[in-house]
Amino acid sequence: MSGINNFAFKLANVNGTGSASANGLLMQAIFRMGIPVSGKNLFPSNIQGLPTWYEVRVNGEGHTARTPDFDLMVAMNAETYGRDIAEVVPGGYVLYDSTWPLDAQLKRADVTLLGVPFARLCTEHFAESRERILMKNIVYVGTLAALLDIDMATVHQMLEEKFERKPRLKDSNRKAIELGYRYAREHLDCELPFGLKAMDATADKILIDGNTATALGCLYAGATVAAWYPITPATSVMDAFKSLCQRFRRDPVTGKNRYAILQAEDELAAIGMVLGAAWAGARTFTSTAGPGVSLMGELLGLGYYAEVPAVVFDVQRTGPSTGMPTRTQQGDLLACAYASHGDTKHVLLFPCDPEECFYFAVKAFDLAERFQTPVFVLSDLDIGMNDWAVKRLKWDDSYQPDRGKVLSAAELDALKKYYRYWPENEDAVAARSLPGVSSKGAYFARGSGHNKYGGYTELPSEYQEVVDRLARKHRRAARAVPAPVIHRTPGARFGIVSLGGCDGAVREALGLLKQRGFLADYLRVRAFPFDERVEGFLSSHDVNFVVEQNRDGQLRTLLLAETSVEKRRLKSVRVYGGFPLSARDVVEGITAKLAAERQAEREAHQEE
């Protein structure tokens, strides 16, 4: 890396010191200069006191995946100096607080140290102790603006916007930034081998996190009821939805709310509320993470068997059990695909970034009501809680929700008799009725055995008839879910298969592999059940590398279970330590397996 608009820097700090504001300011300033940029927040699962890092990658070509190579380290946490300085590439730089001397053992001959007395500057210019702590991080924004050539007019404009109604905070932030900027200009050699130059590559893009985009999609989809229990990293979905509803779901005349958001006592209660509201006709959802999905299991089975639409947003984190709540993973695929006991199969959607979180949220409600079943949208912490530069979201005002087959009062009255689960349509779905529309549409259904007419049964033939139709319904959903994305490369030797937030790293890795002489086709799975294009892609390659972020190769397991592809064709490349995937992870994983295969072939040839 190391060049104009092609470098990465990392900010090492302590959780609870206000570093998030400073880091966000840096990200947004670079973005407003028209330069492609991405940020990864690696924070601890406590409130304050533990180390936290923020990684910023600047890449003029638009690559957004995490990089493990850092040209500059802003070391603000003495507890992690050793680890932080070790991560800097040879020839890189370390910016640290020189208020106190740096241990000689931490110095590296191949790294340039840039000392700025951040704490002393704040002590001299700010009176309150808390303000000194917070402003120390803002001071390094000014220093980095000088070192990296960040446009100061952009920074000042952002301060005006952010603190428009808080002039005191605006003044203190401006003062802190100017302190850092002036010190760098007067005391440091600011001619670094990398830096920023304004571009025009972000004009059609926005910075947004996946959880906010998800909430916006729910609003546009017409969701009016939500139930949840707080859990990292999904809480901000509901926070954002609440803010949006307060603005757009209030009657302009009476001021009354036209929405209901309920914080339940636990996740089991939350999904129960969602199913109840959906049964009554509302578009409704819950947001959660892996532990919440585990608790919801029994009622998810009820939703599947009683055929009640519901949408579940699972922002995946590292498991099992409590795991690492503030680290990312893709470990819930199997848990969601087969959630609940007995024979259940759910529809899953896999967005790769906040843009798809928005569109897939809308799609999820349409699928849930069309197929009368719970639908999962599986994001992850990296997508959900980090800011991504994505295309501006667009909306078609002619959109009409797909409510599925819902009988009106006139349609019900025209029937001789209404049966809840018969007859089925081309999607293997029977028409539903909503309570209060007509007494003719009243029915009673429970989670125990029922026949196609909705009556209780324990007869094997009647039970099997119902669950076999549910299986047909799930298979037919494959035609309605988002299609897989396939990139073909002439002369490709193998295929790469992935999903979700792995996409950016895999697409970057394709170029790096090509430079090494390895040509590959790429399939990004966007939904389950799989359509015939997924199986066709897998069958067209002798070897497919399945890239995913979990220990057990859950996507590979799902592909083997739900397609007829031979096991030998699917090879796992797994990265599951909790950090977002990098292109290096993909390249090293694939080339290592290719080298192992070549070695095995040589040994087999020698034995012959």
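Summary of the structure given here.

Parameters at a glance
Residues numbered from 1 in each chain as written. Predicted model: local features only at pLDDT ≥ 70, side-chain atom pairs only at ≥ 80, totals over all residues. Heavy atoms only, no water. Helix = DSSP H or I, 4+ residues; strand = E, 2+ residues; numbered from the N terminus. Rg over C-alpha atoms; globule rule 2.2 N^0.38 Å. Buried < 20%, exposed > 50% of the residue type's maximum accessible area, 1.4 Å probe, protein only. Contact = heavy atoms within 4.5 Å. Areas by Shrake-Rupley, 256 points an atom, 1.4 Å probe, with all protein chains shown as cover. Pairing = 2+ DSSP bridges. Axes fitted to C-alpha atoms, helices over the stretch in contact; angles between N-to-C directions. Salt bridge = Lys/Arg side-chain N within 4 Å of Asp/Glu carboxyl O. Core = buried A, V, L, I, M, F, W, Y, C linked by side-chain atoms within 4.5 Å. Polar contact = N/O pair within 3.5 Å; in protein donor to acceptor, adjacent residues only side chain to side chain.

## Section: the overall build of the protein chain
Then comes step 1: When helices and strands are tallied, the protein chain shows 19 helices and 20 strands.
Then comes step 2: Whereas a compact globule of 608 residues would reach a radius of gyration of roughly 25 Å, the protein chain reaches 27 Å, a difference of no more than 12%.
Then comes step 3: Across the 608 residues that make up the protein chain, the buried fraction comes to 54%.
Then comes step 4: The long-range fraction of contacts in the protein chain, counting pairs at least 24 apart against all pairs at least 6 apart in sequence, stands at 74%.
Then comes step 5: Accessible surface, the protein chain as shown: approximately 26,300 Å² in total, 50% of it carbon and sulfur.

## A look at the sheet that holds strand S4 (residues 70–75)
Then comes step 1: Pairing is mixed in the open sheet, where six strands are placed in the order S2-S3-S1-S4-S5-S6. Strands with a single pairing partner mark the edges of an open sheet, and in this sheet they are strand S2 (37–42) and strand S6 (112–116). Pairs of neighbouring strands in the sheet enclose a mean axial angle of 15°, with direction left out of account.
Then comes step 2: Alignment of strand S1 (residues 6–14) against strand S3 (residues 51–59), held across nine bridges, turns out to be antiparallel. Bridge pairing in S3 links phenylalanine 7 to valine 58.
Then comes step 3: Contacting S1, S4, strand S5 (88–97) and S6, helix H4 (residues 129–148) crosses the sheet at an angle of about 165° to S1.

## Section: the pattern of salt bridges
Then comes step 1: Counted according to the given criterion, the structure contains 35 salt bridges.
Then comes step 2: Here arginine 283 ties to glutamate 369 by a salt bridge, and the two come within 2.9 Å at their closest N and O atoms. Within this pair, whereas arginine 283 is found in the loop between helix H9 (267–279) and strand S10 (284–288), its partner glutamate 369 is found in helix H12 (residues 354–371), the two being separated by 86 residues in sequence.
Then comes step 3: A relative accessible area of 5% means that arginine 283 is categorised as buried.
Then comes step 4: Across the pair arginine 524 and glutamate 356 runs a salt bridge, and its minimum N-O distance is 2.9 Å. Linking arginine 524 in strand S17 (residues 520–525) with glutamate 356 in helix H12, this pair joins segments that are 168 residues apart in sequence.
Then comes step 5: Linked by salt bridges that have partners in common, Lys10, Glu55, Arg66, Arg83 and Glu87 make up one network.

## Quick word on the nonpolar core
Then comes step 1: Of all hydrophobic cores here, the largest spans 54 residues; its most connected members are Phe9, Tyr140, Leu144 and Leu148.
Then comes step 2: By residue number, the principal contributor to this core is H4, which donates 10 residues.

## Brief notes about the environment of alanine 339
Then comes step 1: One can find alanine 339 in the loop between helix H11 (333–337) and strand S12 (347–349).
Then comes step 2: Judged by relative accessible area, which is 4%, alanine 339 ranks as buried.
Then comes step 3: Separated by 169 residues in sequence, alanine 339 and glutamate 508 have C-alpha atoms that sit 33 Å apart.
Then comes step 4: The residues contacting alanine 339, other than those within four sequence positions of it, are Leu300, Thr344, His346 and Phe376.

## Considerations on the side chain of threonine 563
Then comes step 1: Within the secondary structure, threonine 563 sits in the loop between helix H18 (554–562) and strand S20 (570–574).
Then comes step 2: The exposure class of threonine 563 is buried, given its relative accessible area of 11%.
Then comes step 3: Of the polar contacts made by the side chain of threonine 563, one reaches the backbone oxygen of leucine 559; its length is 2.6 Å.
Then comes step 4: Ignoring sequence-local partners within four residues, the contact set of threonine 563 consists of Phe530, Glu535 and Leu538.

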